[in-house]
Amino acid sequence: MARSPEHWEKIESFLLSEIAWGRLPGAVLAVGSGKQTAYMKAFGFAQMFPEQRPMNIDTLFDLASLTKVVAALPAVMILADRGEITLDDPVCKYLPKFSGNGKSGVTIRHLLAHTSGLPAAEKYYLRLSGRDALIDELYLTDLSAPAGSEVVYSDLGFMLLGLLVEKVSGEPLDVFANRHIYRPLGMRSTGFNPSPAAKKRAAATEFFRDMGGYQCGEVHDRNAKVMGGVSGHAGLFSPIDDLIRYAAVFLQDGAFGNVQLLKPETVREMARN
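Residues numbered from 1 in each chain as written. Predicted model: local features only at pLDDT ≥ 70, side-chain atom pairs only at ≥ 80, totals over all residues. Heavy atoms only, no water.

Colleague: Got a minute to help me understand the packing of helix α2 (residues 67–81) against helix α5 (residues 155–169) in this structure?
Modeller: Each packed pair of helices is defined by two parameters, the angle between the axes and the distance between the axes. One can describe the packing of α2 onto α5 by two numbers: an axis separation of 10 Å at closest approach and a directional angle of 45 degrees. If you check the angle between α2 and α5, you find them oblique. Crossing hand, α2 versus α5: left-handed. On α5, the residues that touch Lys68, Ala72, Leu73, Ala75, Val76 and Leu79 of α2 are Asp155, Phe158, Leu161, Val165, Val168 and Ser169. Within the contact of α2 with α5, the residues separate by chemical class into nine nonpolar, one polar and two charged. (Axes fitted to C-alpha atoms, helices over the stretch in contact; angles between N-to-C directions. Helix = DSSP H or I, 4+ residues; strand = E, 2+ residues; numbered from the N terminus. Parallel < 35°, antiparallel > 145°, perpendicular 65-115°, else oblique. Left-handed = near helix turned anticlockwise from the far one by under 90°. Contact = heavy atoms within 4.5 Å. Nonpolar A, V, L, I, M, F, W, Y, C, P; charged D, E, K, R; others polar.)

Structure (structure tokens):
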């Protein structure tokens, strides 16, 4: 994994030029093999307005849609490893309100593979103000195509997966993920709804007047905001060193150190087209 200093200088030069041109405020980069991190460095700023804050190695990022693969996905696969669900179970077996108009044919595998037939997204937040109301509307949302007929990247599918984890495990997604994923892997700074102290380490996302101004340590996705900051599609925060641990699991047959998070055959199934 070793590289010459010139190799890293090229990477640094590229990132610094992007920051200088204003195409991004800052970045944190790590390069490794899964067993070893060969390079890690922070560049630029974590926040530009209303004041500048430098980017640091421990800066927390709103992971946005990486929530799908760092929270909902492993939670579902842990339940499958335990035999509490199977991937070809219909979703309505666990979430009976998600049925009718072809939805009874949607399986957990369909949701994971974005082949459920659900729309890509819905602006529930424009007309709904509470978690329960949003969930009821989600269950009633019609498919836009028959299950299994096409691939459409869908936030809605992973919102359902988060609810499925909650129903099967008896724990909210954030509690389940912390107990069974982040704590065992030593991902100490990863989670939903950062504490006031953690928010001070977060990278800013965007300015939303209706959400109180500059978003920093507050979930950026508006549907996730209505869900209380915890959803299967968005809302997770993490720094790079925690993400290194998570990525290593998939390069080492589901293990990190002496923790076997997922079975090797489960990891292979997750990577199968």
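Back to the write-up after that little detour.
Colleague: What should I look at first to understand the nonpolar core in this one?
Modeller: Nonpolar side chains tend to gather and get buried jointly when the protein is soluble and globular. Ranked by size, the top nonpolar core spans 53 residues in total, and within it Val76, Ile108, Leu112 and Ile181 carry the most contacts. Among the elements of the structure, α2, α3 (108–112), α4 (131–140), α5, α6 (173–185) and α9 (240–251) are those that each provide at least two residues to this core. Per-element accounting of this core gives the leading share, nine residues, to α2. One finds Trp8, Leu15, Ile19 and Ala27 within the second-largest nonpolar core, a separate group that totals six residues. (Core = buried A, V, L, I, M, F, W, Y, C linked by side-chain atoms within 4.5 Å. Buried < 20%, exposed > 50% of the residue type's maximum accessible area, 1.4 Å probe, protein only.)

Colleague: Sorry, what's going on with the sheet that holds strand β1 (residues 26–32) here?
Modeller: Here we have three strands laid out as an open sheet, ordered β1-β2-β3, and antiparallel in their pairing. Both edges of this open sheet fall to β1 and β3 (53–54), since each of them pairs with a single strand only. Each of β1 and β2 (37–47) is contacted by α9, which is oriented at about 35 degrees to β1, the strand it contacts most. (Pairing = 2+ DSSP bridges.)

Colleague: It is not clear to me how the side chain of His110 should be interpreted in this structure. Could you clarify?
Modeller: Within the secondary structure, His110 sits in helix α3. On the basis of relative accessibility, which here comes to 17%, the residue His110 falls in the buried class. Setting aside anything within four residues of it in sequence, one finds His110 in contact with Gly105, Thr115, Ser116, Ala147 and Gly148.

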